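# Structural characterization, general
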Amino acid sequence: METIGINGSRPRPGEGRGDTITARRAVMALTAKATAFELKAVRDLAPAGVVDLRPPETGLVMLRGRIGGSGAAFNLGEATVSRAAVRLPSGATGFGHVLGRDRHRARDAALVDALWIEGTRRDRLENEILAPLAARIARDEKRRTAEVAATRVDFFTLVRGAD
Amino acid sequence: MALTSAAFAATIAPGFHDPVFQSQATFRAVLEALAEPGGERAVDGIATAPAPLSPVAAAVIATLADFETTVWRDAALLTPEIEAWLAFHTGAPAVLDPAHAAFALVSASPDCPDFAEFALGTDVDPSTSTTLILRVDGFGEGRGFRLAGPGIDGTREVTIAGAPADLAERLTANRALFPRGIDLILAGPTSVMGLPRTTHIEEIR
Amino acid sequence: MYVSVKGGEKAIRAAHRLLAHRRRGDRAVPEVAADQIREQLTLAVDRVMNEGSLYDRDLAALAIKQARGDLIEAAFLVRAYRTTLPRFGCSTPLDTAAMSVDRRISATYKDLPGGQILGPTFDYTHRLIDFALMADSETPLPEREREPGPAAASAMPRVTDLLGDEGLIEAEPAAADGAEPGDLTRAPLRVPAARDLRLQQLARGDEGFLLALGYSTQRGYGSTHPFAGEIRIGEVEVEFEVPELGFVVPLGSVALSECQMINQFAGSAEIEPTFTRGYGLAFGQVERKVMAMALVDRALRTEELGGEATHPAQDQEFVLSHADNVQATGFVEHLKLPHYVDFQAELALVRQLRREHTAARAARDAQSDDVYEEAAQ
């Protein structure tokens, strides 16, 4: 799991476009893995007058693999994806893309993105939504890794005819 | 070109406020317009579409185009606002060569290229031709045409304002290519009219 | 001849009601919820996602419930649903080398870097029915490694890459610049089909059909001398390029199974002896499916590797045309639809043929009687 700085260690807008995109993608990676419940709180942070630039909708994304794992791409099959785009009164525009058919989750993810870009409520966004979310994901990942690692085979070799 | 600037996103106007139902209603209107050539079908246009993209043409292209279809635009429509709006609401790649267009948006009809410059399809895959969405001033006034062909019981007379002066000649040449050829959707102020490649057309003097 | 085939609306309505009632089963038993199917019949859900060609666990679980557990019917429901949705675009190719693994084994190297990780497998179970599952028993929590070490993908190179570093296995060519992979949901599949399209068809193909074909190659109908080089199952991040953003956004992760089958190849006049590959990739935990897929993928490469396609598993037309169980069930099951007019024609024809047959036999008998009588005289 890619870890990201919590509590304001992400770069601020204007620190360079590359950094901003990296940080924004990290926020999106978190919201994409959030449950509907974990994201719902963002609605309390959103100002009045949010415009639904793209009303939440569900569609498909074709998932591609690579031949032999590393060769040319091929179309494996589709996945359901929900997306939304919102604009805050300040003009900050946020995008939400999540696997699955939960359109509210996509809109909430777009609100998180918009608020993060706008920057004025970033501390509350960090403390109330992103930090707990990142901690929960890291905890789940750690537990899963430990459970899987317990099934790793330790071979011990019987030596024959040692002298 | 992909829009990399958030500044663009900040200026994009909304599209359909209810994408599912509005695009279905528009699709139905276009379907009926092409099934019964010369009939006028009401379309709820997207008033917020950036000018000079007409609200009805905007609704039609937002309904028909997606990331797998290419869109060609005439010179008047090559504005950054329209570029951004189309990219956002349809995801369709823009093309500069009309021969590579799945859809073409024409706003100023005197500038409309010869129909043969668009994709005409092949005898095996006639469906790969361009569908032209041509903005006109209105129906029920202007020049008169007599139509015949599939979807028309006998003949039908229509009047179209603001179409290219040589519309009948262009469509007659297009008809001669059948099964190849473009399909034409005329976008009026509040409605569409279909003139598919199967329709015979003559101007009434 | 005209035969009326209208009617039956009332019977159909009643049949739907009866279907719903039978689906519910004994009402004294609690109703199964879609999320129970999603969480507890996971491998059925995975199969439906593959054959329905749509990654959506909730939807596949609901389809299984609606289909009374008929997994082909469930895949059909999922396929029908997907046609109602617009496509937003394509993911960047999923990177299975960066998989967060649940299982990773190799039959070719014992001590491979990263180790053999068994994960949640049936392999070492004794296939004894566990009657404890009938009771409301507590399932113990899994064991945990205290120091799990890095799960990072960098610690788990692909087995085929290890062989590739020594040049002992064919390289997978990258796509020609800008070449988009073919998509059989957009253009009808034609044979011969390129490997990208073949893999797409196999990934959505019927598991039983692929299993039988893969098995046939092992029993001598087109042997490829396969080794399971590596099987890995786990979560892979999905990324999607959003044109209006100009960068790739993360969508979350999907579960995948991958099988790299390594096959012996004696070489040809031009090509040095080397190992060749068969590849399997599919949604969820579907180990049998990806192993069979990899066998069939390699068998379908027979001609491109200079061989002659003589067995069913090597025959593209045969394999690709019959792998899709939604198509197959449609064509097989259409036979129960009304064929009254066709059959009336057949009936009339058979009756006429029988009359002619009888007449011909009578004529023949009469003739042979004449011959007999002549001989007697």
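Residues numbered from 1 in each chain as written. Chains lettered and ligands numbered in written order. Predicted model: local features only at pLDDT ≥ 70, side-chain atom pairs only at ≥ 80, totals over all residues. Heavy atoms only, no water.

This brings us to the overall build of chain A. Scanning chain A from N- to C-terminus turns up 5 helices and 3 strands. Counting from the amino terminus, chain A carries its helices and strands in the arrangement α-α-α-β-β-β-α-α. Across the 163 residues of chain A, 54% fall into the buried class. Partitioning the contacts of chain A with sequence separation of at least 6, the portion at a separation of at least 24 is 57%. Surface accessibility of chain A: about 7200 Å² in total, with carbon and sulfur atoms responsible for 51%. (Helix = DSSP H or I, 4+ residues; strand = E, 2+ residues; numbered from the N terminus. Buried < 20%, exposed > 50% of the residue type's maximum accessible area, 1.4 Å probe, protein only. Contact = heavy atoms within 4.5 Å. Areas by Shrake-Rupley, 256 points an atom, 1.4 Å probe, with all protein chains shown as cover.)

Every contact between the two is made by 7 residues of chain B and, on the other side, 9 residues of chain C. Taken over both partners, the interface formed by chain B and chain C buries close to 690 Å², and the fraction arising from carbon and sulfur atoms is 52%. In this structure, the connection of chain B to chain C is made through 2 salt bridges. Here R87 of chain C and E68 of chain B are joined by a salt bridge, their closest N and O atoms 3.5 Å apart. At the surface where chain B touches chain C, the tally comes to 1 residue pair in polar contact (both at pLDDT 80 or more). Classifying every residue of the side of chain B that touches chain C by side-chain character gives 5 nonpolar, 1 polar and 1 charged. (Buried area = accessible area lost by both parts, 1.4 Å probe. Salt bridge = Lys/Arg side-chain N within 4 Å of Asp/Glu carboxyl O. Polar contact = N/O pair within 3.5 Å; in protein donor to acceptor, adjacent residues only side chain to side chain. Nonpolar A, V, L, I, M, F, W, Y, C, P; charged D, E, K, R; others polar.)

Time to look at the packing of helix α4 (residues 57–66) of chain C against helix α5 (residues 71–82) of chain C. Residue and element names in this part refer to chain C. Interhelical geometry of α4 versus α5 gives an angle of 130° and a closest axis separation of 8 Å. With respect to α5, the element α4 is oriented oblique. Read as a crossing pair, α4 and α5 show a hand that is right-handed. On the side of α4, the interface is formed by L59, A60, A63, I64 and Q66, while α5 contributes L71, A74, L77, V78 and Y81. (Axes fitted to C-alpha atoms, helices over the stretch in contact; angles between N-to-C directions. Parallel < 35°, antiparallel > 145°, perpendicular 65-115°, else oblique. Left-handed = near helix turned anticlockwise from the far one by under 90°.)

Residue and element names in this part refer to chain C. As assigned here, chain C comprises domain 1 (9–82) and domain 2 (96–134 + 149–172 + 181–331). If you average the C-alpha positions of domain 1 and of domain 2, the two centres end up 28 Å apart. Facing the 15 residues of domain 1 at the interface are 21 residues of domain 2. Summing both sides of the interface, domain 1 and domain 2 together bury roughly 1500 Å²; the carbon and sulfur share of this comes to 56%. Looking only at domain 1, the three residues that lose the most surface to domain 2 are N50, Y55 and R79, adding up to 40% of its buried area. Linking domain 1 to domain 2 there are 2 salt bridges. Note that R79 and D324 form a salt bridge whose closest N and O atoms lie 3.0 Å from each other. Here domain 1 is connected to domain 2 by 7 residue pairs in polar contact (both at pLDDT 80 or more). Of all the secondary-structure elements, those providing two or more residues to the side of domain 1 that touches domain 2 are α3 (42–51), β1 (54–55) and α5. The leading source of residues in the side of domain 1 that touches domain 2 is α3, at 6 residues. (Domains from an automatic or database assignment.)

All names here are of chain B. In the contact formed by helix α2 (residues 19–35) and helix α3 (residues 55–64), the axes pass within 9 Å of each other and the chain directions differ by 100°. In terms of orientation, α2 and α3 fall into the roughly perpendicular class. On the side of α2, the interface is formed by S23, T26, F27 and V30, while α3 contributes A59, V60, T63 and L64. Taken together, the residues of the contact of α2 with α3 break down into 5 nonpolar, 3 polar and no charged.

Attention shifts here to the pattern of salt bridges. Here the structure, examined in full by the defined rule, presents 54 salt bridges over all chains. Across the pair D108 of chain A and R43 of chain A runs a salt bridge whose closest N-O atoms are separated by 2.9 Å. In this pair, D108 of chain A is assigned in helix α4 (residues 103–118) and R43 of chain A in helix α3 (residues 42–45), connecting sequence segments 65 residues apart. Ionic pairing is found between E180 of chain C and R64 of chain A, a salt bridge with its closest N-O pair at 2.9 Å. Of this pair, E180 of chain C sits in the loop between α6 (159–165) and α7 (195–203) while R64 of chain A sits in strand β1 (residues 51–66), placing the two residues on different chains.

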